[in-house]
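# Structural description and commentary
Each chain, letter by letter, is given below.
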Amino acid sequence: LPAPGTVEFKNVTFGYPGAEAPVLSDISFTAKPGQTTAIIGSTGAGKTTLLNLIPRLYDATEGEILIGGLPLRELGRETISQNISSVPQRPYLFSGTIASNLRFGAQEAEEEDLWEALRIAQADGFVAEREGQLESKISQGGTNVSGGQRQRLCIARALAAKPKTYLFDDSFSALDVSTDAKLRAALVEPTKDAAVIIVAQRVSTITEADQILVLDHGEIVARGTHEELLESSETYQEIVTS
Ligand code: DGT
Ligand code: MG
């Protein structure tokens, strides 16, 4: 079997219930542990939809998704949530404390582990400044923290769960360039054995990815490294220069 955490799409087609045309057509790729797979493409291309199939928010209409070589449909909810952490495009916090939000996928995590996750996510500073720190209250939807702080707390939540597969949906967009750079440098070590799939808007943030998939109208129109795509893909060149 492929290593745990490996994500394989085999000819996956998906259409939303009731919609006429599929949103994803014949998607095939493998995301391996120890590698970063980036997905790039214009708005509405299907990037979020593709990521959402992995934790089974929806099931593929055709084709198959395998995790560590096992059909996704045969894995239980618990197995999926223990092995896959997703930072959604609109990161969500629950009413409760910062600690309870971070322990969402890691009930057993010690306070030390939570601080470690916060440090990596560049969120330890503002949490330390809040009254009550880990026990400080988060309002429903996280409206009492900024968008960038919410994003970093959701990244820390994903890290605390120590999954085999990480899904980041445009998770760095609310961060300033310097925080973004620090966070990515800090992510290298804790994610080094995991399969990392990252949806990006800015090419500058994914030039180091092991493979980049260029999604256009629900199809993978090109794939390769940054250098390869600069040579081979007009769509990619357009994204780079836009
Ligand atoms: P983004 O985040 O603006 O860069 O766009 P993507 O690439 O994440 O696109 P995505 O996957 O959100 O949407 C792809 C297509 O699917 C787009 O035509 C809108 C449609 N769509 C998205 N979510 C839903 C949904 O919940 N129901 C239906 N019927 N269509 C949806
Ligand atoms: Mg999206």
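Residues numbered from 1 in each chain as written. Chains lettered and ligands numbered in written order. Predicted model: local features only at pLDDT ≥ 70, side-chain atom pairs only at ≥ 80, totals over all residues. Heavy atoms only, no water.

### Considering the nonpolar core
One finds Leu118, Leu134, Leu153 and Phe168 to be the most contacted residues of the largest nonpolar core, which totals 47 residues. At 7 residues, helix α6 (residues 147-160) tops the list of elements feeding residues into this core. Sequence-distant contacts of leucine 118, that is, excluding residues within four places in its chain, are made with Leu102, Ala123, Asp124, Val127, Leu134, Leu153 and Ala156. Ile27, Ile65, Ile67 and Leu215 belong to the second-largest nonpolar core, a separate cluster that totals 27 residues. (Core = buried A, V, L, I, M, F, W, Y, C linked by side-chain atoms within 4.5 Å. Buried < 20%, exposed > 50% of the residue type's maximum accessible area, 1.4 Å probe, protein only. Helix = DSSP H or I, 4+ residues; strand = E, 2+ residues; numbered from the N terminus. Contact = heavy atoms within 4.5 Å.)

### Overview of the pairing of strand β12 (residues 219-224)
As paired elements, strand β11 (residues 211-216) and β12 share 5 bridges and run antiparallel to each other. Bridging from a neighbouring strand, leucine 215 pairs with isoleucine 220 of β12. Between β11 and β12, which pair antiparallel one after the other, the connecting turn spans 2 residues, and histidine 217 there sits at a positive phi close to 45 degrees. (Pairing = 2+ DSSP bridges.)

### Quick look at the site of ligand 1
In the neighbourhood of ligand 1, 13 residues make up the surrounding shell, with Thr43, Lys47, Thr48, Thr49 and Gln89 lying closest. The separation between an oxygen atom of ligand 1 and a polar main-chain atom of alanine 45 is 3.3 Å. A distance of 2.8 Å separates an oxygen atom of ligand 1 from a polar side-chain atom of threonine 48. When ligand 1 is considered free in solution it has 640 Å² of accessible area, and contact with the protein chains removes 61% of it. In the shell around ligand 1, the residues fall into 4 nonpolar, 8 polar and 1 charged. (Near = heavy atom within 4 Å. Polar contact = N/O pair within 3.5 Å; in protein donor to acceptor, adjacent residues only side chain to side chain. Areas by Shrake-Rupley, 256 points an atom, 1.4 Å probe, with all protein chains shown as cover. Nonpolar A, V, L, I, M, F, W, Y, C, P; charged D, E, K, R; others polar.)

### A few points about the packing of aromatic side chains
Summed over all chains, the structure comprises 8 aromatic pairs. Measuring from centroid to centroid gives 5.7 Å for tyrosine 92 and phenylalanine 94, while their planes differ by 75 degrees, and the two rings are edge-to-face. Residue classification places tyrosine 92 among the partly exposed positions, given a relative accessible area of 36%. By relative accessible area, phenylalanine 94 is classed as partly exposed at 32%. Members of the aromatic cluster, connected to one another through ring pairs, are Phe14, Tyr16 and Tyr58. Of note, arginine 184 hangs over the ring of phenylalanine 172, and the distance from its end group to the ring centre comes to 4.1 Å. (Phe/Tyr/Trp six-rings, centres within 6.5 Å; stacked < 30°, edge-to-face > 60°. Lys NZ or Arg CZ within 6 Å of the ring centre and 35° of its normal.)

### Overview of the pattern of salt bridges
In this structure the tally under the stated criterion is 6 salt bridges. The partner of arginine 56 in a salt bridge is aspartate 59, and the shortest N-O contact between them spans 2.8 Å. Assessed through its relative accessible area of 18%, arginine 56 is described here as buried. Its salt-bridge partner being lysine 192, residue aspartate 193 comes within 3.7 Å of it at the nearest N-O pair. Take aspartate 193: its relative accessible area is 61%, and that puts it in the exposed class. A network of salt bridges, in which partner residues are shared, links Arg56, Asp59 and Arg73. (Salt bridge = Lys/Arg side-chain N within 4 Å of Asp/Glu carboxyl O.)

### Considering unusual backbone geometry
Even without a glycine there, the phi angle at aspartate 26 is positive, about 50 degrees. By relative accessible area, which is 48% here, aspartate 26 ends up partly exposed. Here the phi dihedral of aspartate 170 falls at roughly 55 degrees; this positive angle occurs in a residue that is not glycine. For aspartate 170, the position within the fold is in the loop between β9 (165-169) and α7 (177-187).

### Concerning a nonpolar patch on the surface
Judged by side-chain polarity, Tyr92, Phe94 and Phe104 come together as a nonpolar surface patch covering roughly 300 Å² of accessible area. Looking at the secondary structure, you find tyrosine 92 in the loop between β6 (84-87) and β7 (96-97). (Patch = residues over 30% accessible without salt bridge, like charges linked within 9 Å, V, L, I, M, F, W, Y side chains within 5 Å.)

### What to know about a negative patch on the surface
Taken together, the side chains of Glu108, Glu110, Glu111, Glu112, Asp113 and Glu135 make up a negatively charged region of the molecular surface. Topologically, glutamate 112 is positioned in helix α4 (residues 111-120). (Lys, Arg positive; Asp, Glu negative; His and termini not counted. Charge placed at Lys NZ, Arg CZ, Asp CG, Glu CD.)

### Concerning the coordination of the magnesium ion (ligand 2)
Six octahedrally arranged donors around a metal ideally form angles of 90 or 180 degrees; four tetrahedrally arranged donors ideally form angles of 109.5 degrees. Here the magnesium ion (ligand 2) is held by Thr48 (OG1) and Gln89 (OE1), and the distances to it run 2.0 to 2.3 Å. Residue threonine 48 is found in helix α1 (residues 47-53), and its partner glutamine 89 is found in the loop between β6 and β7; the two are separated by 41 residues along the sequence. Taking relative accessible area as the criterion, glutamine 89 reaches 30% and is therefore assigned partly exposed. (Donors = N, O, S within 2.8 Å, 3.2 Å for Na, K, Ca; no water.)

### Here's the deal with the sheet that holds β11
Ordered by their spatial adjacency, 6 strands build an open sheet running β6-β9-β10-β3-β11-β12, and the pairing between neighbours is mixed. Of all the strands in the sheet, the pair left with one neighbour each is β6 and β12. Averaged over all adjacent pairs, the angle separating strand axes in this sheet is 15 degrees, with direction ignored. In this sheet, β11 lies alongside strand β3 (residues 36-40) in parallel orientation, the contact comprising 4 bridges. Each bridged residue has a counterpart across the sheet, and for threonine 37 the counterpart in β11 is glutamine 211. The strands touched by α6 within the sheet are β6 and β9, with β6 carrying the most contacts at an inclination of about 175 degrees. This element, helix α9 (residues 234-241), spans β3, β11 and β12 of the sheet and lies at about 95 degrees to β11. (Axes fitted to C-alpha atoms, helices over the stretch in contact; angles between N-to-C directions.)

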